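Understanding the architecture of this molecule
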Amino acid sequence: MAVVSDGLPCIIQGGMGVGVSNWVLARAVARLGHLGVVSGTAVDTVFVRRLQDGDIGGHVRRAMAHFPLPSVSESVLRRYFRPEGTPDGVPYKMLPMYKQMVSHARQQLTMLANFVEVWLAKEGHQGLVGINLLTKVQMPNLASLYGAMLAGVDYVLMGAGIPREIPGALDALSEHRQATLRFDVEGAGAGDAETLTLDPREHWPHPGPSLKRPKFLAIISANSLATTLARKANGRVDGFVVEGWTAGGHNAPPRGELRLNDRGEPLYGERDAVDLQKMRDLGVPFWLAGGMGSPTALRSALEAGAAGIQVGTLFAYCDESGFTPELKSEVLMGLKQGKVGIRTDPRASPTGFPFKVVDVEGMPSQDDRRTRVCDLGYLRVAYRTPSGKLDYRCAAEPIDTYLAKGGDLADTVGRRCLCNGLLANIGHAQRRGGGVEELPLLTSGDDVMVLGEFVGDREHYTASDVVAHLLKGSAPRPDRDTVLSGR
Ligand SMILES: Cc1cc2nc3c(=O)[nH]c(=O)nc-3n(C[C@H](O)[C@H](O)[C@H](O)COP(=O)(O)O)c2cc1C
């Protein structure tokens, strides 16, 4: 039975970029009465690659036909849609990389891509759909939010940074006003203030629509951050996802000086645990994430005063997720054969945040033999050149280029190209010529190691199996709960 407590979902299927929590997965979860979350990270590139692969099933084009700026859909189709798909070995056509200021056409493509993802996730049911974005991937965020809001997104969930200005941006965009975010420039002194803006009025030939203001959930890993956001965000924070260091994707670094264990992983301790009493004292709903993918974890989260749990890893390997079927079966088979390992890599992500990496014995994966190319650029950060202009760099780009931009050699060590690796995980690897393709870079939470227990003898499973598993033994409470089925 599908249940939400006090109007709030008790299971959130966590946002998983790039394209792992796609519209298919989010829709399946939302239809079951829980919160399905699409990832908006780099979804503009996912979107143009789906079009270049022929948009099998016509889903992308079906959603595009509903975008309220039809001329945008038309020009994007002309440029990127290849009805026959892209022949093997032919590289995908690229989007211009994001910068502080981009053309209206580039902004509109980002809006359209996020619109499509949310529109498809919401198609044909009344369930709840959210979008997940990374605060640190700043430059596309306003256009992504606006596109998602045009499709009626119900929730926005953001972590990986301090999303203090997002609530205000949601208010502004919903009221058809200009939204502004402070833009981080590496090494900038006080008084060197740059901004990112999006003004919906510049995109509409006539007064545009007022939009629903989605609920905003901040993903946090420390009480101090929750308190700061609850008190000092520039608008309403509707809840928190409290994410521990066992979660998939990026993790918050441990507090204090970085110490590593003998496997080279960051050491976390008691200081990194979130005090749930303090969370309850804030009086705002919260969900627990990271290793919560079991019926017992759900029950104990509810007993601890949480509204529920956010789960990633269990959903990441279900039939509906964006990981390629080959990759899912490599992991599920590999688990049975003891060939899967998980580690928290403190160096892999150019963001500087620890990043969880899954190793599967015998499965090719991106490593430091990759010839460095930076052509997607989502993790580039802005810096000021000696002449005072803004330029962009990424610690995973070619080392000479990074150094020529004033970057520090030490920053480049061990960095992986998350952009290209994560796109390879979902079957959109860029082709580099001579038969060379970008390799996957797989991430999951520590729970991947116990996935085998849940999967048992099955070769695959669905999102509905995950939800049924999580709810095992949980009886809906008629005094508090609203049953969504049949709504
Ligand atoms: C493959 C994968 C990708 C993820 N990507 C993101 C992301 O882009 N943004 C984000 O906020 N969290 C991301 N997460 C974290 C999930 O949203 C969720 O909080 C986490 O997986 C919960 O812990 P669990 O993996 O133990 O279930 C990712 C997790 C996985 C497994």
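Residues numbered from 1 in each chain as written. Predicted model: local features only at pLDDT ≥ 70, side-chain atom pairs only at ≥ 80, totals over all residues. Heavy atoms only, no water.

1. Details of the site of the ligand
Near the ligand lie 22 residues; those nearest to it are Asn132, Glu243, Gly291, Gln310 and Thr313. Separating an oxygen atom of the ligand from a side-chain N or O atom of Glu243 is a distance of 2.6 Å. Take Gly290: an N or O atom from its main chain is 3.3 Å from an oxygen atom of the ligand. Calculation on the ligand without its partners gives an accessible area of 600 Å², and the protein chains cover 95% of this total. For the shell around the ligand, the secondary-structure elements that each account for two or more residues are β5 (129-134) and β13 (308-311). When grouped by side-chain class, the residues that make up the shell around the ligand number seven nonpolar, 14 polar and one charged. (Near = heavy atom within 4 Å. Polar contact = N/O pair within 3.5 Å; in protein donor to acceptor, adjacent residues only side chain to side chain. Areas by Shrake-Rupley, 256 points an atom, 1.4 Å probe, with all protein chains shown as cover. Helix = DSSP H or I, 4+ residues; strand = E, 2+ residues; numbered from the N terminus. Nonpolar A, V, L, I, M, F, W, Y, C, P; charged D, E, K, R; others polar.)

2. Overview of a nonpolar patch on the surface
Together, Ile399, Leu403 and Leu409 give the surface a local cluster of nonpolar side chains, amounting to about 230 Å² of exposed area. With respect to the helices and strands, the residue Ile399 is situated in helix α13 (residues 399-404). Under the relative-accessibility criterion, Ile399 is labelled partly exposed at 32%. (Patch = residues over 30% accessible without salt bridge, like charges linked within 9 Å, V, L, I, M, F, W, Y side chains within 5 Å. Salt bridge = Lys/Arg side-chain N within 4 Å of Asp/Glu carboxyl O. Buried < 20%, exposed > 50% of the residue type's maximum accessible area, 1.4 Å probe, protein only.)

3. Structural notes on the environment of Glu202
Within the secondary structure layout, Glu202 lies in the loop between β9 (194-198) and β10 (215-220). Polar contacts involving the side chain of Glu202 include one to the side chain of His104, which spans 3.1 Å.

4. What about the nonpolar core?
In terms of nonpolar packing, the biggest core is built from 131 residues, with Phe47, Phe240, Phe315, Tyr317 and Leu451 touching the most fellow members. The element best represented in this core is helix α5 (residues 104-122), accounting for ten residues. When sequence neighbours within four positions are dropped, the list of residues in contact with Tyr317 reads Phe323, Lys328, Val331, Leu332, Val358, Leu442, Thr443, Ser444, Val448, Leu451 and Tyr461. (Core = buried A, V, L, I, M, F, W, Y, C linked by side-chain atoms within 4.5 Å. Contact = heavy atoms within 4.5 Å.)

5. Notes on the confidence of the model for the protein
Of the residues in the protein, 96% have a pLDDT of 70 or more, and the chain-wide mean is 94. For the stretch residues 477-487, pLDDT sits under 50, and the model shows 19 contacts to residues farther than four places along the chain or on other chains. (pLDDT = per-residue confidence, 0-100.)

6. Topic: the layout of surface pockets
For the second largest pocket, the calculated volume is near 780 Å³. Around the second largest pocket, the lining is made up of 38 residues, and of these Thr135, Lys136, Gln138, Asp184 and Val381 lie nearest the centre. Counting residues per element, the ones that place at least two in the lining of the second largest pocket are β7 (179-183), β8 (185-186) and β16 (381-384). At three residues, the largest contribution of residues to the lining of the second largest pocket is made by β7. A breakdown of the residues in the lining of the second largest pocket according to their chemical character gives 20 nonpolar, six polar and twelve charged. (1 Å grid on protein atoms, 1.4 Å probe; cavity = no way out; pocket = protein on both sides within 12 Å on 5 of 7 lines; lining within 4 Å. Points joined across faces, edges and corners; volume = space filled by probe spheres on them.)

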